[in-house]
Amino acid sequence: MRKEDCFNLGKITKPFGLKGEVVIFLDVDEPNNYASLDSVFVEVKNQLVPFFIQNIRINGNKATVKFEDMTQEQAAAIAGCNLYLPLDNLPKLTGKKFYFHEIIGFHVIDDEHGDIGTVASVIEYPAQPLFQIINNGTEILLPVLDQLINNVDREKQTISVHAPEGLIDLYLQNS
């Protein structure tokens, strides 16, 4: 399994108890959606290794997990490792909700300026993620805010937005 074909589920934070269990931080919006996992990929030395789950107990964004045939020493050795699942395991989103990875390449259509370019990436800043849009070689940064997004059309691969007044002009007048 390649990392590009997966999403980050979270991280093993520490070993737990004497029976080879680990505590996992689940970096997802709905941790309970993952309460019946059979397996995960653990990133060990830059390789994704499948680990099979014997038992999982979720409490908020943390879970205590017992992997099959894991000793206390092995649990300690994987502390700090990231966890991944195949992209197919993500719940399907509809309407204006989307995963950042799925909108790469979408055209952004602004109410005032029309097609302002293609989403090259989503830059995740602590305060606010930003669309990085490329318009004929010019970079446009637009906040990812629900109130600015009118529509996401997955079939046409477009995102309709209402950019703050003057923001797009700042980028386009310097190109």
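Because the structure is a prediction, the values reported are computed rather than measured. Counting of residues starts from 1 at the beginning of each chain's written sequence and follows it residue by residue. Reporting in this predicted model follows two pLDDT cut-offs: at least 70 for local features of residues, and 80 or more for side-chain atom pairs to be given and counted; totals over whole chains, interfaces and linings ignore these cut-offs and use all residues. As a rule here, side-chain values cover all heavy atoms of the structure and leave hydrogens and water aside.

**Student:** Help me understand the environment of Thr71 in this model?
**Tutor:** The residue Thr71 is located in the loop between strand 5 (62-67) and helix 1 (72-77) in this model. We classify Thr71 as partly exposed; its relative accessible area is 35%. Spatially, the C-alpha atom of Thr71 lies 4.4 Å from that of Gly20, the residues being 51 residues apart in sequence. Elements are defined by DSSP. Helices are runs of H or I of four residues or more, strands are runs of E of two residues or more, and each kind is numbered from the N terminus. Each residue's exposure class comes from its accessible area (1.4 Å probe, protein chains only) as a fraction of the maximum for that residue type: buried when under 20%, exposed when over 50%, partly exposed otherwise.

**Student:** Just to check I follow, could you spell out the pairing of strand 5 for this structure?
**Tutor:** Looking along a regular strand, one sees side chains alternate from face to face of the sheet. In terms of burial, strand 5 is largely enclosed, as 5 of its 6 residues are buried. Pairing between two strands is assigned when DSSP locates at least 2 bridges connecting them. For strand 2 (residues 21-26) and strand 5, the ladder comprises 5 bridges, and the chain directions are antiparallel. Within strand 5, the position partnered with Glu21 by the bridge is Lys66. A loop of 2 residues connects strand 4 (residues 47-59) with strand 5, the two strands running antiparallel in sequence, and Gly60 in this loop sits at a positive phi of about 65°.

**Student:** So what exactly am I meant to see when it comes to the packing of aromatic side chains here?
**Tutor:** The relative placement of two aromatic rings is captured by the distance of their centres and the angle of their planes. Working definition: a ring pair exists when centres of Phe, Tyr or Trp rings (six-membered ring for Trp) sit within 6.5 Å. Plane angles under 30 degrees give stacked, over 60 give edge-to-face, the rest tilted. Tallied over the full model, the rule gives 4 aromatic pairs. Judged by centre distance (6.4 Å) and plane angle (55°), the rings of Phe7 and Tyr34 are tilted. Of this pair, Phe7 sits in strand 1 (residues 6-16) while Tyr34 sits in the loop between strand 2 and strand 3 (39-44), and the two are 27 residues apart along the sequence. Each member of the pair, Phe7 together with Tyr34, is buried. Ring geometry for Phe98 and Phe100: centres 6.3 Å apart, planes at 45°, overall tilted. Aromatic rings pair up to connect Phe98, Phe100 and Phe131 into one cluster.

**Student:** What is the right way to read the nonpolar core from this model?
**Tutor:** When a protein is soluble and globular, its nonpolar side chains tend to lie buried together. Core analysis: the largest hydrophobic core is formed by 24 residues, its most contacted members being Leu9, Val40 and Phe67. Mapped by element, the contributors of at least two residues to this core are strand 1, strand 2, strand 3, strand 4, strand 5 and strand 6 (82-86). We call two residues contacting when some pair of their heavy atoms lies within 4.5 Å. Residues contacting Leu9, with those up to four places away along its chain left out, are Phe25, Leu26, Asp27, Val28, Tyr34, Leu37, Val40, Leu83, Tyr84 and Leu85. Core analysis: the second largest hydrophobic core is formed by 20 residues, Phe98, Val108, Ile133 and Ala163 among them. The definition of a nonpolar core used throughout is a set of buried Ala, Val, Leu, Ile, Met, Phe, Trp, Tyr and Cys residues joined through side-chain atoms within 4.5 Å.

**Student:** Quick question: what am I supposed to make of the sheet that holds strand 9 (residues 129-135) here?
**Tutor:** Pairing between the strands of a sheet comes from backbone hydrogen bonds, and it takes one of two forms, parallel or antiparallel. Here 6 strands make up an open sheet; going across it, the order is 10-9-8-7-12-11 and the pairing mixed. Each edge of the open sheet is held by one strand with a lone partner, namely strand 10 (138-143) and strand 11 (149-153). Averaged over all adjacent pairs, the angle separating strand axes in this sheet is 35°, with direction ignored. Here strand 7 (residues 107-110) runs beside strand 8 (residues 114-124); their pairing, made up of 4 bridges, is antiparallel. Axis angles are defined between N-to-C directions and span 0 to 180 degrees, where every axis is a line fitted to C-alpha atoms and, for a helix, only to the segment in contact.

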